[in-house]
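Letter by letter, the chains look like this.
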Amino acid sequence: RKAAFAALRDVPPETKDGHRVTLMINAGLRDDVGALDITGADGIGLFRTEFQFLVSATLPQRERQQRLYREVLETAGDRPVVFRTIDIGGDKALPYLKLEGGTEENPAMGWRALRLSLERDGLMKVQARALLEAGAGRTLNVMFPMVSEAWEFDEAKALFEAQRDWLSSRGKRAPNEVRYGAMLEVPALAEQLDLLLPAVDFLSIGTNDLTQFLFAADRANPKLAERYDWLSSSILRFLRRVAAAAREQGVPVAVCGEMGGRPLEALALIGIGIDRLSITPAAVGPVKAMIRSLDRAAVTAALDTLLEKPPRDMRGALEGWAAANGI
Ligand code: PEP
Ligand code: MG
């Protein structure tokens, strides 16, 4: 099967009825980027920049950040890379960075990611400069983690734009274009799509965090992982609603959580109207094989019916549908 997946490297992730899905990979370290060539993926849909901070013994200075970003962009070539600004704090503590707040009882819901970046904006200013300089002469894609309200996105974008103005006022090279996106992983943000969508260039749904917040179920507790299924109708209905709102505004929307890397989950995502996935590199082959055996019109109709009156065992129902349809 491995060889069969490798043989799919150069064929497009296209459904039987000719719908092209965008398949990207998640990465975090320089060595991960080689997976682009191995898998034949369309780009990097999520580059977790905090990895460099987490594996580092000291705070990575601007030059070190910039070197990493430049190397990633050079390896990616024409393929897009979406850099996510640091998602640290909470349980991803950095020994060399003293943060006020102390130990949190619920770090996943704590002072982390963009919440921390907006307050400790010195960190994000340095990262913005590093990214803008590394992206000189090309299109730079930036996204912000754990956006909870639309104004947080606006503030983060303004911080980047101020750095960009500074660079151009000094006559320094900058990206030709900067595209800004928000991660949707806090459910509350879904109630502000009317404010958010006109402001963003793209949306990326982080289903790992989103699921734990929707179900109030810790993503790190295996006992709960068995109980709360990514294929639950609540999650699928939620995602379908977000995807439809984004489509109406012409905003591209991707799923970058682990959910998209499982063939049956990816099938359901395509069925509810999501056609951009960013997944773990090892999943590209299996998901592509599934896509190439899928009829998009048929799976859309199947999901419409199933979500109308959801069966208790949605996974079982989808497995049955897939088997009956030769997937
Ligand atoms: C997510 O929450 O789904 C996500 C992609 O981000 P992370 O797993 O890094 O929290
Ligand atoms: Mg997340």
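Whatever comes next refers back to the structure up there.
Every value quoted in this text rests on a predicted model; they were computed, and no experiment measured them.

Q: Kindly report on the overall build of the protein chain, identifying the contributing residues and their values.
A: Within the protein chain, the secondary structure is distributed over 15 helices and eight strands. Computed over C-alpha atoms, the radius of gyration of the protein chain comes to 20 Å, within 12% of the 20 Å expected from 2.2 N^0.38 for 327 residues, which places it in the range of a compact globule. For the protein chain, the proportion of its 327 residues judged to be buried stands at 41%. Looking at the protein chain alone, contacts between residues at least 24 apart form 70% of all its contacts between residues at least 6 apart.

Q: Can you explain the site of ligand 1? Please cite residues and give values.
A: Around ligand 1, a shell composed of L46, R48, D87, E185, G206, T207, N208, D209, C256 and G257 is seen. At three residues, helix α9 (residues 207–214) tops the list of elements feeding residues into the shell around ligand 1. Its residues assigned to classes, the shell around ligand 1 comprises two nonpolar, four polar and four charged.

Q: Hey, could you go over the pairing of strand β1 (residues 22–27) for me, with residue numbers and the actual values?
A: The element β1 is extensively covered by neighbouring structure, given that five of its six residues are classed as buried. Both β1 and strand β8 (residues 276–279) contribute to a ladder of four bridges, which runs parallel. Bridge pairing links L23 to L277 in β8. Pairing of β1 with strand β2 (residues 44–48) involves three bridges; the strand directions are parallel. Paired with N26 across the two strands is L46, which belongs to β2.

Q: Go over the packing of helix α12 (residues 263–271) against helix α14 (residues 296–308) with me, naming the residues and quoting the values.
A: For any two helices packed against each other, one specifies the inter-axial angle together with the distance between the axes. The contact between α12 and α14 brings their axes to 8 Å, and the two run at 85°. Between α12 and α14, the interaxial angle falls into the category roughly perpendicular. Every residue of α14 that contacts α12 at L267, A268, I270 and G271 is listed here: R296, V299, T300, A302 and L303. A breakdown of the residues in the contact of α12 with α14 according to their chemical character gives six nonpolar, two polar and one charged.

Q: Go over the pairing of β2, please, and point to the residues and values.
A: Two faces belong to every sheet, and in a regular strand the side chains alternate between them. Burial of β2 is extensive: five of the five residues sit out of reach of the surface. Here β2 pairs with strand β3 (residues 81–84) via three bridges, running parallel. When the bridges of β3 are listed, R48 appears paired with R84.

Q: I'd like to hear about the environment of V299, residue by residue, with values.
A: With respect to the secondary-structure elements, V299 resides in helix α14. Exposure remark for V299: the 23 C-beta atoms within 10 Å place this residue in the buried category. Separated by 33 residues in the primary sequence, V299 and A266 place their C-alpha atoms 11 Å from one another. Beyond its immediate chain neighbours, meaning those up to four positions away, V299 contacts L267, I270, G271 and L294.

Q: Go over the packing of α12 against helix α13 (residues 284–292) with me, naming the residues and quoting the values.
A: Remark: α12 packs on α13, axes separated minimally by 9 Å, with the N-to-C direction vectors making an angle of 50°. The pairing of α12 with α13 is recorded here as oblique in orientation. Of the two elements, α12 crosses α13, and the hand of that crossing is right-handed. Across the interface between the two elements, P263, A266 and L267 from α12 touch P286, V287 and M290 from α13. The class makeup of the residues in the contact of α12 with α13 is six nonpolar, no polar and no charged.

What counts and what doesn't
Residues numbered from 1 in each chain as written. Chains lettered and ligands numbered in written order. Predicted model: local features only at pLDDT ≥ 70, side-chain atom pairs only at ≥ 80, totals over all residues. Helix = DSSP H or I, 4+ residues; strand = E, 2+ residues; numbered from the N terminus. Rg over C-alpha atoms; globule rule 2.2 N^0.38 Å. Buried ≥ 20, exposed ≤ 12 C-beta atoms within 10 Å, placed from the backbone. Contact = placed C-beta atoms within 7 Å. Near = placed C-beta within 6 Å. Nonpolar A, V, L, I, M, F, W, Y, C, P; charged D, E, K, R; others polar. Pairing = 2+ DSSP bridges. Axes fitted to C-alpha atoms, helices over the stretch in contact; angles between N-to-C directions. Parallel < 35°, antiparallel > 145°, perpendicular 65-115°, else oblique. Left-handed = near helix turned anticlockwise from the far one by under 90°.

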